[in-house]
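Listed below, chain by chain, are the residues.
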Amino acid sequence: MTARNTQDMRRSDLLDGRAEALAAEADVDPRYDNDGFLIEGSTDGDQFDREDRAALRRVAGLSTELEDVTEVEYRQLRLERVVLAGVWGEGTAEEAEHSLRELSALAETAGSTVLAGVLQRRLKPDPGTWMGSGKAAELRDIVIAEGADTVIADTELTPSQRRGLEDVVKVKVIDRTALILDIFAQHAKSKEGKAQVELAQLQYLLPRLRGWGESMSRQAGGQAAGGQGMGSRGPGETKIELDRRRINTRIAKLRRELSGMKTMRDTKRHSRRAGQVPSVAIAGYTNAGKSSILNRLTGAGVLVQNQLFATLDPTVRRAETRDGRGYTLVDTVGFVRELPHQLVEAFRSTLEEVGEADLVLHVVDGSHPDPESQITAVREVLADVGADQVKEVVVVNKADLADPHVIDRLLRAEKHAIAVSARTGAGFDELQQLIDDELPRPDIRVELLLPYQRGDLLSRLHEEGEVLATEHTADGTHVHAKVTPVLQGELAAFAV
Ligand SMILES: Nc1nc2c(ncn2[C@@H]2O[C@H](COP(=O)(O)OP(=O)(O)OP(=O)(O)O)[C@@H](O)[C@H]2O)c(=O)[nH]1
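Residues numbered from 1 in each chain as written. Predicted model: local features only at pLDDT ≥ 70, side-chain atom pairs only at ≥ 80, totals over all residues.

### Comments concerning the overall build of the protein
Moving on, step 1. Tallying secondary structure elements over the protein gives 17 helices and 15 strands in all.
Moving on, step 2. For the protein, the residues scored as buried account for 36% of the 496 residues in total.
Moving on, step 3. Nonlocal contacts in the protein, meaning residues at least 24 apart in sequence, comprise 67% of its contacts between residues at least 6 apart. (Helix = DSSP H or I, 4+ residues; strand = E, 2+ residues; numbered from the N terminus. Buried ≥ 20, exposed ≤ 12 C-beta atoms within 10 Å, placed from the backbone. Contact = placed C-beta atoms within 7 Å.)

Spelled out as structure tokens, the structure:
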């Protein structure tokens, strides 16, 4: 926690001022709000000039590449110096603190500096300001003392609570949902991931349009004394309607694109399934060590970071059981408590892949202060996307760091559980064995005579089936094996 840094404050003031000046020059209407920067076409209906757009993007700290310019641009403002706020009613003080600590990790992942945190016990949040008025005033004092530019609320605020609290603390207020959406936006790499996140962001934005308009016009009125200057025109009903229509158009387009991408992914998955390649999905709370486990199981170099949500796009890797059977390993997006429903919705098709796996490795960070709450959060999402019917093994990871009593407790509570350390490799023999045992085996007995020149078929039998006995005869290799239905069909010509 550092002392107030006036330079930072000035820089952000400057940022807003310059953007406004540029916008005035370009005759466009830049709009700021609690957690977004919305750029639109000029108010007289002319097309927004590309150069103006680039200039605005530069000022806002965005990349100036133009190819991804969309009709409505929405971006989270950089959060820099933040104070966290939590309200808790039920539960214990310890739980409330854990939750705020997690919010702090999320805020840091989003690139901000966390200066302080404030917690209030209150059975019912205030409908107007969320925190009670006394606590909100205390929060404002902390914001001033620390020189913070943003408050992050550990909940999903209603638009009016956000505005009410912003009126008291006088800096931008954002909620947990907006923060998580921001992290996802930063981490999305693939076309599909980006489209999924944008869809979630727009869905979050849509019901908040009206609220933003009101708060913006009030804010601008306070800044510009004449009240008639650029930015002081609050968007009227028509403007909001226009925004809403544009956003709805964009949402429809994203949905169409995503459904096209889903079809492609389904086809790929079906071809994997048609070959009867068994699959294992890795799911788990963010930062639990999913990528590290995937790496150990496959030897693949997947990005491992001590950051929340390093993995957004599902990674599919080939792996082998110890007896040489091939299977696919799918790494999924990290889960988090109260994962915003807009995200679950947007990532539904990705998460549904878990439901089609033969086995789910549910990775838990054994060194976390409350691993049970993580398990619950992950299971809620899995149930939500219909993936709770698949056999699940709880893999308690980070055994090298975790308290042995906690590991014991988890292993005793879960029917199928195992403790490992992706760092040291401890427990991986058992984990491999478990995967061997759980994956479906080829179970159709066949007797074949394979010509000597078809060594490729014998290799496939070894890879995809189970070879029980071979005997070399004058006519070829006589094989007893267990195979999958697909392999049986393909080898029918060689059946004895
Ligand atoms: N001490 C210890 N650290 C581990 C272990 N496994 C992973 N880590 C560390 O935990 C952090 C997160 O690991 P990842 O594998 O990226 O976790 P993840 O679950 O894929 O993370 P997300 O992408 O956020 O969902 C990294 O800093 C890892 O080095 C372990 O067994 N022991």
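### Considerations on the pairing of strand β10 (residues 359-365)
Moving on, step 1. In terms of burial, β10 is largely enclosed, as six of its seven residues are buried.
Moving on, step 2. Across five bridges, strand β7 (residues 279-284) lies against β10 in parallel orientation. Paired with Gly284 across the strands is Val363, a residue of β10.
Moving on, step 3. The pairing of β10 with strand β11 (residues 392-397) spans six bridges and is parallel. Looking at β11, one finds that Val364 is bridged to Val396.
Moving on, step 4. Note on the crossover from β10 through helix α13 (residues 371-384) to β11: the handedness is right-handed. (Pairing = 2+ DSSP bridges. Right-handed = clockwise from strand over helix to strand, strands pointing away.)

### A few points about the sheet that holds strand β13 (residues 444-450)
Moving on, step 1. The strand order across the open sheet built from three strands is β13-β15-β14, with neighbouring strands paired in antiparallel fashion. Both outer strands of the open sheet, β13 and β14 (466-473), are each paired with one neighbouring strand and no more. When strand polarity is set aside, the average angle formed by the axes of neighbouring strands in this sheet is 15°.
Moving on, step 2. One ladder, built from seven bridges, connects β13 with strand β15 (residues 476-483); its direction is antiparallel. Residue pairing in the sheet places Leu450 in a bridge with Thr477 of β15.
Moving on, step 3. Lying on the sheet, helix α16 (residues 455-464) is in contact with β13, β14 and β15; it crosses β15 at an angle near 25°. (Axes fitted to C-alpha atoms, helices over the stretch in contact; angles between N-to-C directions.)

### Let's talk about the sheet that holds strand β5 (residues 150-153)
Moving on, step 1. Strand order in the open sheet formed by four strands is β4-β3-β5-β6, and the pairing between neighbours is parallel. Looking along the sheet, the strands with just one partner apiece sit at the ends: β4 (113-121) and β6 (172-175). Each strand axis lies, on average, 25° off the axis of its neighbour in the sheet, ignoring direction.
Moving on, step 2. Pairing between strand β3 (residues 81-88) and β5: four bridges, direction parallel.

### Examining the environment of Thr332
Moving on, step 1. Mapped onto the elements, Thr332 comes out in the loop between β9 (326-331) and α11 (341-346).
Moving on, step 2. Thr332 sits 42 residues away from Lys290 along the chain, and the two C-alpha atoms are 8.3 Å apart.

### Quick word on the pairing of β4
Moving on, step 1. Here eight bridges tie β3 to β4, and the two strands are oriented parallel to one another. By the bridge assignment for β4, Arg81 is matched with Thr113.
Moving on, step 2. A crossover links β3 with its parallel partner β4, the connecting element being helix α3 (residues 93-109), and its sense is right-handed.

### A short note on helix α6 (residues 176-187)
Moving on, step 1. Taking 1.5 Å per residue, 12 residues should reach 16 Å; α6 reaches 17 Å between its end C-alpha atoms and fits that length.
Moving on, step 2. Of all the residues in α6, the buried ones are Arg176, Thr177, Ala178, Leu179, Ile180, Leu181, Asp182, Ile183, Phe184 and His187.
Moving on, step 3. Contacts from the buried residues of α6 go to α3, β5, β6, α7 (191-205) and α11. (Expected span 1.5 Å × (residues − 1).)

### Remarks on the nonpolar core
Moving on, step 1. Core analysis: the biggest nonpolar cluster contains 83 residues, and Val83 and Val151 have the highest contact counts within it.
Moving on, step 2. Residue-level mapping places this core at the junction of two domains, with at least three residues from each of domain 1 (81-184) and domain 2 (276-438).
Moving on, step 3. Leaving out residues up to four positions away in the same chain, Val83 has contacts with Leu115, Ala116, Val118, Leu139, Ile142, Val143, Glu146, Ala148 and Val151.
Moving on, step 4. Val446, Leu448, Val479 and Ala481 belong to the second largest nonpolar core, which has eight residues in total. (Core = buried A, V, L, I, M, F, W, Y, C linked by C-beta atoms within 7 Å. Domains from an automatic or database assignment.)

### Some remarks on unusual backbone geometry
Moving on, step 1. We note that Lys170 has phi near 65°; this positive angle belongs to a residue other than glycine.
Moving on, step 2. Here Lys170 is to be found in the loop between α5 (159-169) and β6.
Moving on, step 3. At Lys398, a residue that is not glycine, the phi angle is positive and equals roughly 65°.

### Some remarks on the packing of α6 against α7
Moving on, step 1. Remark: α6 packs on α7, axes separated minimally by 9 Å, with the N-to-C direction vectors making an angle of 155°. Taken together, the axes of α6 and α7 are roughly antiparallel relative to one another. By crossing handedness, the relation of α6 to α7 is classed as left-handed. Of α7, the residues touching α6 (which contributes Thr177, Ala178, Leu181, Phe184 and Ala185) are Val197, Ala200, Gln201 and Tyr204.
Moving on, step 2. Residue composition of the contact of α6 with α7, by class: seven nonpolar, two polar and no charged. (Parallel < 35°, antiparallel > 145°, perpendicular 65-115°, else oblique. Left-handed = near helix turned anticlockwise from the far one by under 90°. Nonpolar A, V, L, I, M, F, W, Y, C, P; charged D, E, K, R; others polar.)

### Thoughts on the environment of Ser160
Moving on, step 1. Structurally, Ser160 is set in helix α5.
Moving on, step 2. On a C-alpha basis, the gap between Ser160 and Pro127 in space is 7.8 Å, while along the polypeptide they are 33 residues apart.

### Quick look at the confidence of the model for the protein
Moving on, step 1. The predicted model of the protein has a mean per-residue pLDDT of 75, with 73% of residues at 70 or higher.
Moving on, step 2. Considering only residues more than four positions removed or in separate chains, one finds that residues 30-77, a stretch of pLDDT under 50, has 83 contacts.
Moving on, step 3. Long-range and interchain partners of residues 211-235, a stretch whose pLDDT sits below 50, account for 30 contacts in this model, where long-range means more than four residues apart.
Moving on, step 4. In the predicted complex, the global pTM is 0.67; the interface-specific ipTM is 0.98. (pLDDT = per-residue confidence, 0-100.)

### Looking at the packing of α3 against α6
Each pair of packed helices can be summarised by the angle the axes make with each other and by the distance between the axes.
Moving on, step 1. Their axes nearest at 9 Å, the elements α3 and α6 cross at an angle of 40°. Between α3 and α6, the angle is such that the two are oblique. As for how α3 packs across α6, the hand of that crossing is left-handed. Mapping the contact onto sequence places Leu103, Leu106, Ala107 and Thr109 in α3 and Arg176, Leu179, Ile180 and Ile183 in α6.

### What to know about the environment of Arg255
Moving on, step 1. Position of Arg255 relative to the elements: it lies in helix α9 (residues 237-274).
Moving on, step 2. When the 13 C-beta atoms within 10 Å are taken as the criterion, Arg255 is described as partly exposed.
Moving on, step 3. Between the C-alpha atoms of Arg255 and Ala346, which are 91 residues apart in sequence, the distance is 9.0 Å.

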